Amino acid sequence: MLQVRLDPGLPAGRWACVRPLCGHDEQALVAGGGLAATELLDRLLVEVPGTCVGPGSAWQLSVCDRDRLLAGVYAATFSDRIDTEVPCDHCDEGTAVSFSLAAMVASSQPSNEGRTQLGIISGPDDGCVYELDDGIRFRLPNGHDQREVAGLDPERARVEILRRCVLDGSEADRRTVGDMPTEVWDRVEAAMAYLGPTVDHELMIACHECGEARAVRFDIQQYLLRALEQERRYLTQEIHYLACSYGWSQAEILGLSRDDRRAYVEFITAERAARRERTR
Ligand SMILES: [Zn+2]
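Per chain, the residues get numbers from 1 upward, laid out in the order the sequence is written. Reporting in this predicted model follows two pLDDT cut-offs: at least 70 for local features of residues, and 80 or more for side-chain atom pairs to be given and counted; totals over whole chains, interfaces and linings ignore these cut-offs and use all residues. The side-chain numbers reported here are obtained from all heavy atoms of the structure, hydrogens and water having been left aside.

Caption draft 1: Molecular detail of the overall build of the protein. The helix and strand tally for the protein stands at 12 helices and 10 strands. Considered along the principal axes of its C-alpha atoms, the protein spans approximately 80 × 55 × 35 Å. The classification of residues rests on relative accessible area computed with a 1.4 Å probe and restricted to protein chains. Under 20% of the type maximum is buried, over 50% is exposed, and intermediate values are partly exposed. Residues counted as buried form 40% of the 280 residues belonging to the protein. Working rule for contacts: check all heavy atoms of both residues, and any pair within 4.5 Å makes them a contact. Put simply, 60% of the contacts in the protein that link residues at least 6 apart link residues at least 24 apart. Labels follow the DSSP assignment, with helices taken as runs of H or I lasting at least four residues and strands as runs of E lasting at least two, numbered in each case from the N terminus.

Take a look at the structure:
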């Protein structure tokens, strides 16, 4: 079981436990979109003594905590190391890119010095609320907020996120966020981005062959979903192997953790290979 410290977490808990993926999770995956990754995380959260961040909580998690958990899920399922190849638009050669997810997450964590520079004087409090030196109180955007603004044009989405996350003033005041001084909302947005870094980065990659530089976006949600989608085609074959060898039902096989299922399949394929070798 993977245990991850959350920052800011939820009033219900400051850390979360995530169980390993099983076949049911892989089968339930809907291709594409950030919502699918949050839905997957929601299935994997386990409520244990000491934290109430369990199933149903993923949408309430700040997007930075959600991404931190998804990075942990990727590392536990595949590897902490991201190895990929980026094609060059200029010469068509591919450039290998390799980095550690844990190092990427650690490098973007806020420091006390950065908080001071942005005028963040406190937070997160017990309600996961932060305060700026001009008295503005806010929380970080979460999955609910993202779901609500999905499909809006970027400027309307920006105003709506601020309206939902800035907590001072009456409900009527909050509806007028768009009329407030731009510099105030710029400050809140800068503080939100600093305190809640997502695992969604633009990387500058220089081509090994011709030196041409290009920006490549790495988004843990898309990367995790794509990796699972690519492996899903093996699932049916693995179910077939296990059903033939052990007589287990499809539901029993899908209930196995992905690691256990794959370990059994490896035994079966090794035995089959050894048998073939003996009968030659
Ligand atoms: Zn090139």
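Caption draft 2: Focus on the coordination of the zinc ion. Here the zinc ion is held by Cys88 (SG), Cys91 (SG), Cys207 (SG) and Cys210 (SG), and the distances to it run 2.3 to 2.4 Å. Each metal's donors comprise the N, O and S atoms found within 2.8 Å of it (within 3.2 Å for Na, K or Ca). Water is not part of the atom list, so some coordination spheres may appear incomplete. Site shape is set this way: if four donors have all angles between 85 and 135 degrees, tetrahedral; if opposite donors are over 155 degrees apart and all others between 65 and 115, square planar for four donors and octahedral for six; otherwise irregular. Around the zinc ion, the four donor atoms sit at angles spanning 106 to 113°, and that spread fits a shape best called tetrahedral. Judged by its relative accessible area of 26%, Cys91 falls in the partly exposed class.

Caption draft 3: Geometry of the sheet that holds strand E6 (residues 120–122). The three strands are arranged E6-E7-E8 in an open sheet whose pairing can be described as antiparallel. The open sheet terminates on both sides in strands that have one partner only, identified here as E6 and strand E8 (137–138). Only strands joined by at least two bridges in the DSSP assignment are considered to pair. As judged from the two bridges shared by strand E7 (residues 130–132) and E8, these two strands associate in the antiparallel manner. Paired with Glu131 across the strands is Arg137, a residue of E8.

Caption draft 4: Representation of the side chain of Asn142. By the element assignment, Asn142 lies in the loop between E8 and helix H6 (143–149). Once you skip the residues sitting within four places of it in the chain, Asn142 turns out to touch Trp59, Gln60, Leu61, Ser62 and Val63.

Caption draft 5: Representation of the packing of helix H7 (residues 154–165) against helix H9 (residues 182–195) within the structure. Interaxial angle, 0 to 180 degrees, is taken between N-to-C directions of lines fitted to C-alpha atoms, where a helix line uses only the stretch in contact. The N-to-C vectors of H7 and H9 enclose an angle of 80°; their axes lie 11 Å apart at closest approach. As far as their axial angle goes, H9 and H7 are roughly perpendicular. Counted together, Arg158, Leu162 and Cys165 of H7 and Trp185, Asp186, Val188, Glu189 and Met192 of H9 form the full contact between these two elements. For the contact of H7 with H9, the class distribution of residues is five nonpolar, no polar and three charged. Roughly parallel here means an angle under 35 degrees, roughly antiparallel means over 145, roughly perpendicular means 65 to 115, and every remaining angle is called oblique. In this classification, the charged set is Asp, Glu, Lys and Arg, the nonpolar set is Ala, Val, Leu, Ile, Met, Phe, Trp, Tyr, Cys and Pro, and all remaining amino acids, among them Gly, are polar.

Caption draft 6: Broad picture of the pairing of strand E9 (residues 200–206). With seven bridges joining them, E9 and strand E10 (residues 213–219) adopt antiparallel strand pairing. Each residue of the ladder has a partner; that of Leu203, found in E10, is Val216. The turn linking E9 back onto E10 is made up of six residues, and Gly211 within it adopts a positive phi angle of 85°.

Caption draft 7: Region of the structure containing the sheet that holds strand E2 (residues 13–18). Reading across the sheet, the three strands line up as E1-E2-E3 and stay open at both edges, with antiparallel pairing between neighbours. Edge positions in the open sheet fall to strand E1 (2–10) and strand E3 (45–46), since each of these has one partner strand only. The pairing of E1 with E2 spans five bridges and is antiparallel. Bridging from a neighbouring strand, Leu10 pairs with Gly13 of E2. Against the sheet, helix H3 (residues 63–77) contacts E1, E2 and E3, and its axis sits at roughly 170° relative to E1.

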